Each structure stands twice: as C-alpha cells, then as structure tokens.
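Each chain, letter by letter, is given below.
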Amino acid sequence: MDKLYDKLGGQATLDKVVQDFHKRILADNTLQPFFANTDMEKQRQHQVAFFSQIFEGPNQYSGRTMEKTHAGMNLQQSHFDAIVSHLKESMASVGASTEDTNAAVARVDKLKGAILNK
Ligand code: HEM
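These numbers were taken from a predicted model, which means no experiment stands behind them.

Student: Give a description of the coordination of the iron atom of the ligand that names residues and reports values.
Tutor: No other protein atom reaches the iron atom of the ligand as a donor apart from His70 (NE2), found 2.1 Å away. Tracing the backbone through its elements, the reader meets His70 in helix H4 (residues 66-70).

Given below as structure tokens:
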C-alpha cells in the first residue's frame, strides 16, 4: 500500500478531491476566467485521470500534454501557486494527511515548467 493513489483512497477519494478543487477554482476570480470556455464535466474526468496517473494509480489519462494544454494562456507563477493552494485545501477536505498532501504537491510541482511553458 505504498502508492500515493492507494494511500489517498483511490478513485473514490480523487473524485471528491477534484469535485472540491473545481468548486474552489471556479469561486476564485483570479482563476475562473481561464475556464470560461471549458467543458467542466470533461475537465473533471480528465483531471481525475491525470491525478490518478501522477499519483501512481491506473494510467487512464487520455488528454493533452501539460505543455499543449496550457500553451498560450500566459500563466504566471501566481496562477500556479493559487491552483496548488486550492489543491491543498481540497486534499485537506477529504482528510488527506500532511505527508500525502506534500507528496501530491511535490508531483504537481515537477510539472510547473511544462504548465507555465517556461
Ligand atoms: C497544478 C497544476 C495544474 C495541473 C496538474 C493541470 C492539469 C490540467 C489537465 C489534466 C487538464 C486537461 C487537459 C485536457 O483535457 O486535455 C487541464 C486543462 C486546463 N487547465 Fe490546467 N493544470 C494545472 C494548472 C493550471 C493553471 C494554473 C491554470 C490557469 C489558471 C490552468 C488552466 C487550465 C484550463 C483553462 C484548462 C482547460 C483547457 C480547455 O478547456 O481546453 N491549469 N489542466
């Protein structure tokens, strides 16, 4: 049981995390405009699949690469930090431990260069 995906509680927990995560993103005026034309149901499914993959769960992500997805959005460090802070809150909302939350954030942080296209 040392895969992060399993420690967190698998698909059921990730579903809850992403639901809460998207609620927080859409309630944040600095982030919401980026998602104005996004199909949030599709986004929800892709985000769950993506997290599952980077947290060592099933490889079921079929969306675009982080570089392609976020290209042309002119994303800044502040956007990235805001998203990460919402993710931390969402993980806390499902009772994830600090250790697991930090492990998840470390994985997301590795993608920063690709997401900010820098
Ligand atoms: C924590 C880092 C992030 C991760 C792990 C992440 C992950 C993803 C994933 C997996 C998708 C789906 C791609 C697809 O469906 O092909 C996506 C789409 C998207 N992301 Fe991110 N993202 C991150 C940060 C951000 C930030 C900081 C913003 C803007 C504030 C952002 C804005 C978007 C938007 C607008 C879409 C939808 C694009 C569309 O509708 O075509 N993301 N992201």
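Student: For the environment of Asn102, give the residues involved together with the corresponding values.
Tutor: Here Asn102 is to be found in helix H6 (residues 98-109). Overall, Asn102 belongs to the partly exposed group, its relative accessible area being 44%. Once the C-alpha coordinates of Asn102 and Lys88 are considered, the two residues, 14 residues apart in sequence, prove to be 8.4 Å apart.

Student: Tell me about the environment of Val94, and name the residues and values.
Tutor: Examined against the element boundaries, Val94 turns out to sit in the loop between helix H5 (77-93) and H6. The sequence separation of Val94 and Met73 amounts to 21 residues, and the corresponding C-alpha distance is 30 Å. With residues near it in sequence (within four places) discarded, Val94 still touches Thr13, Lys16 and Val17.

Student: Kindly report on unusual backbone geometry, identifying the contributing residues and their values.
Tutor: One non-glycine residue, Glu56, lies in positive phi territory at about 70°. By relative accessible area, which is 34% here, Glu56 ends up partly exposed. Unlike most non-glycine residues, Asn74 shows phi in positive territory, near 55°. Structurally, Asn74 is set in the loop between H4 and H5.

Student: Run through the packing of H5 against H6, naming residues and quoting values.
Tutor: Where H5 contacts H6, the axes come no closer than 10 Å and their chain directions differ by 155°. As summarised for this structure, H5 and H6 are arranged roughly antiparallel, according to the angle between their axes. By crossing handedness, the relation of H5 to H6 is classed as right-handed. Each of Phe80, Val84, Leu87, Lys88 and Met91 in H5 lies in contact with H6, whose residues at this interface are Asp100, Thr101, Ala104, Val105, Val108 and Asp109. The class makeup of the residues in the contact of H5 with H6 is 7 nonpolar, 1 polar and 3 charged.

Student: I'd like a description of the site of the ligand, backed by residues and values.
Tutor: Near the ligand you find 21 residues, and of these Phe34, Thr38, His46, Arg64 and His70 are the closest. The side chain of His46 places a nitrogen or oxygen atom 2.4 Å from an oxygen atom of the ligand. Here an oxygen atom of the ligand sits 2.8 Å away from a polar atom, N or O, in the main chain of Arg64. Elements with a minimum of two residues in the shell around the ligand: helix H3 (40-54), H4 and H5. Sort the elements by how many residues they give to the shell around the ligand and H3 lands first, with 4 residues.

Cut-off values and rules
- Residues numbered from 1 in each chain as written.
- Predicted model: local features only at pLDDT ≥ 70, side-chain atom pairs only at ≥ 80, totals over all residues.
- Heavy atoms only, no water.
- Donors = N, O, S within 2.8 Å, 3.2 Å for Na, K, Ca; no water.
- Helix = DSSP H or I, 4+ residues; strand = E, 2+ residues; numbered from the N terminus.
- Buried < 20%, exposed > 50% of the residue type's maximum accessible area, 1.4 Å probe, protein only.
- Contact = heavy atoms within 4.5 Å.
- Axes fitted to C-alpha atoms, helices over the stretch in contact; angles between N-to-C directions.
- Parallel < 35°, antiparallel > 145°, perpendicular 65-115°, else oblique.
- Left-handed = near helix turned anticlockwise from the far one by under 90°.
- Nonpolar A, V, L, I, M, F, W, Y, C, P; charged D, E, K, R; others polar.
- Near = heavy atom within 4 Å.
- Polar contact = N/O pair within 3.5 Å; in protein donor to acceptor, adjacent residues only side chain to side chain.

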